[in-house]
Amino acid sequence: MSFTPQSRSWSGKRAVLLVHGIGNSRPGDYAELLHALHSLLGDDRDSVAVYQLFYDHFNDWFTEKTNATELLESAVKSLADRIEDPELGRTVAEYIGDILWPVLSANARACVREAYLAQLKQIVDDGENADVSARQQQITIIAHSLGCFHTYETLHHAAKYSTHMLQPASHEVRFANVIFMASPVQLIRTVAERLGPLVPNRRWLETVQGESLFIPFETRTNGSEVQSVRNWISVTGDLDPVGGHFFRRQADWAYMNVPGQHSFIDKQYPTDVTNREELISRLKSSALNGAAPAISPSDPHSWQEYIARHTVDLKQWILV
Amino acid sequence: MSARGLIARRARATMSRLAGGMLLRSTISAITVLVFACSVAQSQPAERRPITGTVGELLRAATSSARVAQFADTMPVEYATLARQLDALGRRGLDSLSLDAVGREWMATEGPRTAPLERIARWRRDDVLALMTPAEAVALDSLALVSSQYLPDLLELRVSVDSANTLFAPVRAFNRARRQVSLSQSLEKLRRYERKYGPGSPRLNAAEVGLNFVAQNVPPFQPSADGWPSPLELVASYVPTYLTVSDGRAQAWTVLEGGVRLYMFDPAWGRSGIAGVIRPSHIAAGLAVVNEVGGALREPWRGDSRLGAFLSWGGAKIAIVGGDGPNVLVSRQVQLIPWVF
């Protein structure tokens, strides 16, 4: 399956790129998420070109080539034993499968990154095709879960290598907003640091570079720095372990805290009942109908829920 | 009606109402999503606008922009760089060159060697760039870089955004042409990754997974810094499917292979049908080891192993091993048991 970046016709100066997370997504998925995004944009929706990046089939190539299911399982076990912190060991065990590929395979990492870069180049070119120069374009990236890792890697790579023509100063490509939802970037950094020499081509793994995570930038010929992102936003939930929270406790080794980022930490609930009044109402209703109370567990990692909780913010960020 | 019957009837009615409500909501949601998906699908890309303009226009745009932006007064050091590049690009023959053509030649698309002109010029002194000399190409690259890094901010302080856009359009057209080349290169990289890792590529056994994992750290086997995959892959395989004629009869022999596989990234290679047989997507060669008496599922390293060489041409394999009488063996690229052989 060859990769073709999505191309859209721009009728304004704005674009949004959605980058999904852990899962097995295919083109055509996330239709409800797209619908939610268009709903929150309201009358402005026609002026925003919306793109999606699907990259799971690249991971499938590597899994099939190496018959890797068994490898991943054994790696999970060995890692869980090796990491002394029981909290970290458990978290690693849960999410390691999806995270391992880009960390342990330099080729898998480079392959997904290249697809991401191709999509960004296509977006900028679509805008220019509509007579909106790169400088005037207002591009927002909304990434979820593992998509945050690929976003972090790609934006740093794009800022570093001029051959991609996506640098913020030399090529005037500055992203209006990059919104990380439930970002595991710090978690991956911690795991990669603990894995040490097991991580191949470490010098090209942007997540482990620097004293801490940082917003990508380009240094101009006079030494001044221009950041690639105007508004770097992190949204996570206090029950979402991928986003660095364990039962409402923030873990420094797992929570992405980039200097200069705008942070939002959502209050989350284990069920879909979020307050006392709602609970009473549901119990009353259940008693009247003679049915069991309609209470469902909630998914603290759900992308759609993150979007739903931030409709007003998202509209403001995208349309600013 | 008994109390139990009443409760049951009420429960059934409630369930029916709930199911009906859910069905209605689901139907409405499905229709909404379907209509939305259709509207998204209709959001087709617009016809591509051609990149117009010449190098002469770009030079004049940089000069005018610098003057309007008062670049020399505001940033004299950076202006001096720009002025030097303008001087280096004074040859009259450059004036009419199309920005699109120059932009497309900018990276001299040669796969992994693709790099900014500055590097190409340093590596190669021949006429890799047909339209301009390497020095001129480097000057043009530097001019576009300095202009883009400083002039737009300064221009917008002096004139309206629209006027600034008009003045600066040729520089942006040059950048756009180069970005389009860069996009093509990204897609070419992905095509190569697909050849090496995608469906139809040889599967790896456990030993090969381990070896190639380590090899990722060795330059000939690792992807390049800007993402080009290496065409090389290590081969270490225990192959029980070789056939040979020994003692006047056909026999299955097991061969231990150790070598290197080379992926042929040229689009002329790896096609389907007979063309793919002549020019396959990958070839491999290396050392072949068999047991001293040959035979199937024997340990090749036992006793006086017989050494030779194997060559894999796409799916077809041939090996020649020495010994008392050299044997010629043939096989096909196939993995019988995942992770094993």
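Residues numbered from 1 in each chain as written. Chains lettered and ligands numbered in written order. Predicted model: local features only at pLDDT ≥ 70, side-chain atom pairs only at ≥ 80, totals over all residues. Heavy atoms only, no water.

For chain A, the helix and strand inventory stands at ten helices and ten strands. Put simply, chain A has 320 residues, and 61% of those count as buried. Here chain A has roughly 12200 Å² of accessible surface; of this, 51% comes from carbon and sulfur atoms. (Helix = DSSP H or I, 4+ residues; strand = E, 2+ residues; numbered from the N terminus. Buried < 20%, exposed > 50% of the residue type's maximum accessible area, 1.4 Å probe, protein only. Areas by Shrake-Rupley, 256 points an atom, 1.4 Å probe, with all protein chains shown as cover.)

Turning our attention to the nonpolar core. One recurring pattern in soluble globular proteins: nonpolar side chains tend to sit buried together. Judged by nonpolar contacts, the single largest core of 60 residues is most densely connected at Leu17(A), Phe58(A) and Ile141(A). Per-element accounting of this core gives the leading share, eleven residues, to helix α5 (residues 106-129) of chain A. Counting 33 residues, the second largest nonpolar core, distinct from the first, contains Val55(B), Leu59(B), Leu97(B) and Val171(B). (Core = buried A, V, L, I, M, F, W, Y, C linked by side-chain atoms within 4.5 Å.)

Once that is clear, we can look at the confidence of the model for chain B. Residues and elements named next belong to chain B. Summarising the model, chain B shows a mean pLDDT of 81, and 77% of its residues fall at 70 or more. Considering each helix and strand of chain B separately, the mean pLDDT is smallest for helix α1 (residues 3-41), with a value of 45, and largest for helix α3 (residues 71-74), with 97. Per-residue pLDDT stays below 50 along residues 13-42; that stretch engages in ten contacts with residues further than four places along the chain or on separate chains. Here residues 109-115 scores under 50 on pLDDT; set against residues more than four positions off or in separate chains, the count is 21 contacts. Across the assembled chains, the prediction reports ipTM 0.88 with pTM 0.85. (pLDDT = per-residue confidence, 0-100. Contact = heavy atoms within 4.5 Å.)

This part covers the interface of chain A and chain B. The accessible area lost on association of the parts is a frequent measure of interface size. The partner chain B presents 68 residues to the 70 residues of chain A that form the contact. The contact between chain A and chain B buries some 6000 Å² in all, and 54% of this surface belongs to carbon and sulfur atoms. The largest contributions to the chain A side of the interface with chain B come from Lys65(A), Asn129(A) and Met165(A), which together make up 13% of the buried area. Where chain A meets chain B, there are eleven salt bridges. For the salt bridge of Asp126(A) with Arg48(B), the shortest nitrogen-to-oxygen distance reads 3.0 Å. Counting the contacts that link chain A with chain B gives 38 residue pairs in polar contact (both at pLDDT 80 or more). Going through the elements one at a time, α1 (31-41), α2 (56-66), α3 (68-82), α5, β5 (217-219) and α8 (276-289) of chain A are the ones with two or more residues in the side of chain A that touches chain B. Looking at the side of chain A that touches chain B, the element that brings in the most residues is α5(A), giving 16 residues. Class assignment for the residues of the side of chain A that touches chain B results in 29 nonpolar, 24 polar and 17 charged. (Buried area = accessible area lost by both parts, 1.4 Å probe. Salt bridge = Lys/Arg side-chain N within 4 Å of Asp/Glu carboxyl O. Polar contact = N/O pair within 3.5 Å; in protein donor to acceptor, adjacent residues only side chain to side chain. Nonpolar A, V, L, I, M, F, W, Y, C, P; charged D, E, K, R; others polar.)

The next subject is the pattern of salt bridges. By the definition in use, this model includes 23 salt bridges over all chains. Ionic pairing is found between Glu206(A) and Lys160(A), a salt bridge with its closest N-O pair at 3.0 Å. A residue pair is termed long-range when its members are at least 10 positions apart, and Glu206(A) in the loop between α7 (185-195) and β5 and Lys160(A) in helix α6 (residues 146-160) qualify at 46 residues. Across the salt bridge formed by Glu136(B) and Arg91(B), the nearest N and O atoms sit 2.6 Å from each other. Placement of the pair is Glu136(B) in helix α7 (residues 134-158) and Arg91(B) in the loop between α4 (76-88) and α5 (99-105), with a sequence separation of 45 residues. Via salt bridges that share partners, Asp125(A), Asp126(A), Glu128(A), Arg48(B), Arg176(B) and Arg179(B) belong to a single interconnected network.

Residue and element names in this part refer to chain B. Along helix α9 (residues 206-215), the residues classified as buried are Glu208, Val209, Asn212 and Ala215. Seen end-on, α9 carries its buried residues on one side only, within an arc spanning 130°. The distance from a side-chain oxygen at the start of α9 to the backbone nitrogen of Ala207 is 3.0 Å, and the residue carrying that oxygen is Asn205. (Arc of directions from axis to C-beta.)

A few words now on the packing of α2(A) against helix α8 (residues 161-197) of chain B. Two elements in contact, α2(A) and α8(B), have axes whose closest approach is 9 Å; the angle formed by their N-to-C orientations is 25°. Classed by the angle they form, the pair α2(A) and α8(B) counts as roughly parallel. Between α2(A) and α8(B) the crossing geometry is left-handed. Packed against α2(A), whose contacting residues are Phe58(A), Trp61(A), Phe62(A) and Lys65(A), the element α8(B) presents Leu190(B), Tyr193(B), Glu194(B), Lys196(B) and Tyr197(B) at the interface. Residues that form the contact of α2(A) with α8(B) fall into these classes: six nonpolar, no polar and three charged. (Axes fitted to C-alpha atoms, helices over the stretch in contact; angles between N-to-C directions. Parallel < 35°, antiparallel > 145°, perpendicular 65-115°, else oblique. Left-handed = near helix turned anticlockwise from the far one by under 90°.)

Think of two packed helices as two axes; the pair is described by the angle between the axes and how far apart they sit. Residues and elements named next belong to chain B. Where α4 contacts α7, the two axes come as close as 9 Å, and the packing angle between them is 145°. Read as a crossing pair, α4 and α7 show a hand that is left-handed. On α7, the residues that touch Glu78, Thr81, Leu82, Gln85, Leu86 and Ala88 of α4 are Glu136, Ala139, Ser142, Leu143, Val146, Ser147 and Tyr150. A per-class count over the contact of α4 with α7 returns seven nonpolar, four polar and two charged.

All names here are of chain A. Of note, the phi angle at Met165 is positive, near 60°, even though the residue is not glycine. On the secondary structure map, Met165 appears in the loop between α6 and β4 (175-181). Phi is positive for Phe247, close to 50°, though the residue is something other than glycine. If you trace the backbone, Phe247 turns up in the loop between β8 (245-246) and β9 (249-250). Look at Phe247 and you get exposed, because its relative accessible area is 72%.

Another aspect to go through is the packing of aromatic side chains. Within this structure, the stated rule accounts for 13 aromatic pairs over all chains. In textbook terms, an aromatic cluster arises when at least three aromatic residues are bridged by ring pairs, as seen for Phe3(A), Phe58(A) and Trp61(A). Directly above the aromatic system of Tyr197(B) lies the positively charged group of Lys65(A), at a separation of 5.6 Å from the ring centroid. (Phe/Tyr/Trp six-rings, centres within 6.5 Å; stacked < 30°, edge-to-face > 60°. Lys NZ or Arg CZ within 6 Å of the ring centre and 35° of its normal.)

So, on to the pairing of strand β3 (residues 282-290) of chain B. In the sheet, strand β2 (residues 249-263) of chain B pairs with β3(B) via eight bridges, with the strands oriented antiparallel. Its bridge partner being in β3(B), Gly259(B) is matched across the sheet by Gly286(B). (Pairing = 2+ DSSP bridges.)

Turning our attention to the environment of Ser263(A). Residues and elements named next belong to chain A. Position of Ser263 relative to the elements: it lies in strand β10 (residues 262-266). Sequence separation between Ser263 and Ala143 is 120 residues, and the spatial gap between their C-alpha atoms is 15 Å. Setting aside its immediate chain neighbours within four residues, Ser263 contacts Ser234, Tyr255 and Asn257. A distance of 3.4 Å separates the side chain of Ser263 from the side chain of Tyr255, its partner in a polar contact.

All names here are of chain B. Looking at the secondary structure, you find Ser331 in strand β6 (residues 327-332). Engagement of the side chain of Ser331 in a polar contact is seen with the side chain of Thr241, the distance being 3.0 Å. With sequence-adjacent residues up to four places away left out, Ser331 is seen in contact with Val239, Thr241, Tyr242, Gly315, Ala316 and Lys317.

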